[in-house]
Amino acid sequence: MTHSTYLNEESQDDLMSRGFARRDLARIAAVFGVGAVAASIGRPAWASGGVPDPAPTAKVRIGANECWTGPLAPGALAATKMVSQGNRYSPQDQRGDFIKAVMAVENVPYDHVAPWPGSSDPLCRSVITFCSPTKGLVTADPTFELAGRTAAWLGAPVKAVPLTADYTHDVKAMLAANPDAGLYYICTPNNPTGTITPLADIEWLIANKPAGSMVLIDEAYTHFAGVPVASYLAVKHDDVIVMRTFSKLFGMAGLRVGYIITNPKNIAKMMRYDGGMQSGALPVTSIACATASLTAAPLIAARRAQMQTARGLTLDHLKAKGIDVKPTNANMFMIDWKTKKASEMQAAFRKESIEIGRSWPIWPTVSRVTVGSSAEMKAFCTALDKIVA
Ligand SMILES: Cc1ncc(COP(=O)(O)O)c(C=O)c1O
């Protein structure tokens, strides 16, 4: 198989209509692949179809799993100080300092860490690097769809396996669904359910999948859960990638920082066309912010506690009204409206200037709601009382 098979017909036609020769397609497939995915399939939901994003005008924004507030204080200070040195690509060794902070917090070697602008890019690249039309993706349902959409774009077969009754990843069914997949995608805590898949189940999958298949563990929300993390698995096994982002608890979604932990051979494969400059070079302000934030353990714990307080008061309110909420360990929860479509409920909250999240096709009456500040969640409860008498 050639790299050009990674491009669908439309992409190939597009490239050739722009003057590329057929022989160029193999060389540029990976570059174009990541760019095209980021530009179309991987774009945030609000960026689709030219429809204006309603969220920025809402008084309460609890729809996109962002943090209710900005970076932790030491991070904001570090970013501000860095602005005046923005003339240098690397005023000091900001990238190295960041990796050293990751090493300290995660207990992983330097060469196993690669920083990225958020985790969407390495997520798309993992799929593009390790899946193909003959090596499929196995994902969960419901889960964060970017991996599945990227695989579909690539022409790789996708199996989406329902969560267990406890809303964890059904690793045995995932392996059975495709015993020789290119990549198994595990999101824990899972988006949209906020539920955790036990590390023992992930270890089982790693031990039982065939050599050469990758396991991608997306821990975007782990700081909100405060549970043991999977980093050690990416050091112990060559075929595991652990992925993190600063877009959630760290309040840096717009500042764009994330990292992966994996064997350096995998990092080299994912960077195969640019040696890391294109995707690995981050704004020095953002990376300084991330370094100072990652090591602020007491502030991380305090923010997690704030989220738990806000989540607790909301879940108590919903329970008192007899509304069905699924269990969660993260900054989001799923409400089953039972007789109402989630899209109708989203529209009703929008009228109250509250932007809640969407639903997933498998559960059309279930809305995902992000936990905001306590004040925002009280506003949500007030609106709820109005909408659901
Ligand atoms: C599970 C999960 N992974 C990855 C991402 C990507 O986020 P970012 O690119 O901001 O790191 C998100 C964003 O919502 C997510 O929910």
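Residues numbered from 1 in each chain as written. Predicted model: local features only at pLDDT ≥ 70, side-chain atom pairs only at ≥ 80, totals over all residues. Heavy atoms only, no water.

A closer look at helix α14 (residues 297–320)
Stage number 1. The end-to-end C-alpha separation of α14 is 34 Å, in line with the 34 Å expected for 24 residues at 1.5 Å each.
Stage number 2. Buried within α14 are the following residues: I300, R303, M307, A310, R311, T314 and L318.
Stage number 3. On its buried face, α14 sits against α9 (222–225), α13 (284–294), β9 (324–325), β10 (332–336) and α16 (374–387).
Stage number 4. Just past α14, the residue G322 takes up positive phi, approximately 75 degrees. (Helix = DSSP H or I, 4+ residues; strand = E, 2+ residues; numbered from the N terminus. Expected span 1.5 Å × (residues − 1). Buried < 20%, exposed > 50% of the residue type's maximum accessible area, 1.4 Å probe, protein only. Contact = heavy atoms within 4.5 Å.)

Focus on unusual backbone geometry
Stage number 1. Between D141 and P142 the backbone carries a cis peptide bond, its omega angle lying at 0 degrees.
Stage number 2. For P142, the position within the fold is in the loop between β3 (137–141) and α6 (146–154).
Stage number 3. Here the residue pair T188 and P189 is connected by a cis peptide bond, since its omega of -10 degrees sits within 30 degrees of zero.
Stage number 4. In this structure, P189 sits in the loop between β5 (183–187) and α8 (199–208).
Stage number 5. Of note, K338 is a non-glycine position whose phi angle comes to about 60 degrees, a positive value.
Stage number 6. Summarising the element assignment, K338 is placed in the loop between β10 and α15 (342–351).

Topic: the pattern of salt bridges
Stage number 1. In total, this model carries 13 salt bridges according to the counting rule given.
Stage number 2. When the shortest N-O distance is used, the salt bridge between E106 and R244 registers 2.2 Å. On the criterion of sequence distance, the pair formed by E106 in helix α4 (residues 94–106) and R244 in strand β7 (residues 240–245) is long-range, its members being 138 residues apart.
Stage number 3. Close ionic contact of K321 with D385 constitutes a salt bridge, the shortest N to O distance being 3.1 Å. Placement of the pair is K321 in the loop between α14 and β9 and D385 in helix α16, with a sequence separation of 64 residues.
Stage number 4. Under the relative-accessibility criterion, D385 is labelled partly exposed at 34%.
Stage number 5. Connected through salt bridges with shared partners, the residues E106, E219 and R244 form a single ionic network. (Salt bridge = Lys/Arg side-chain N within 4 Å of Asp/Glu carboxyl O.)

Looking at the nonpolar core
Stage number 1. Membership of the largest hydrophobic core comes to 62 residues, with the highest contact counts inside it found for F246, F349 and F380.
Stage number 2. Broken down by element, the residue count for this core peaks at 5 residues, all from α16.
Stage number 3. In contact with F349, not counting residues within four places along its chain, are W337, I354, I356, F380, A383, L384 and I387. (Core = buried A, V, L, I, M, F, W, Y, C linked by side-chain atoms within 4.5 Å.)

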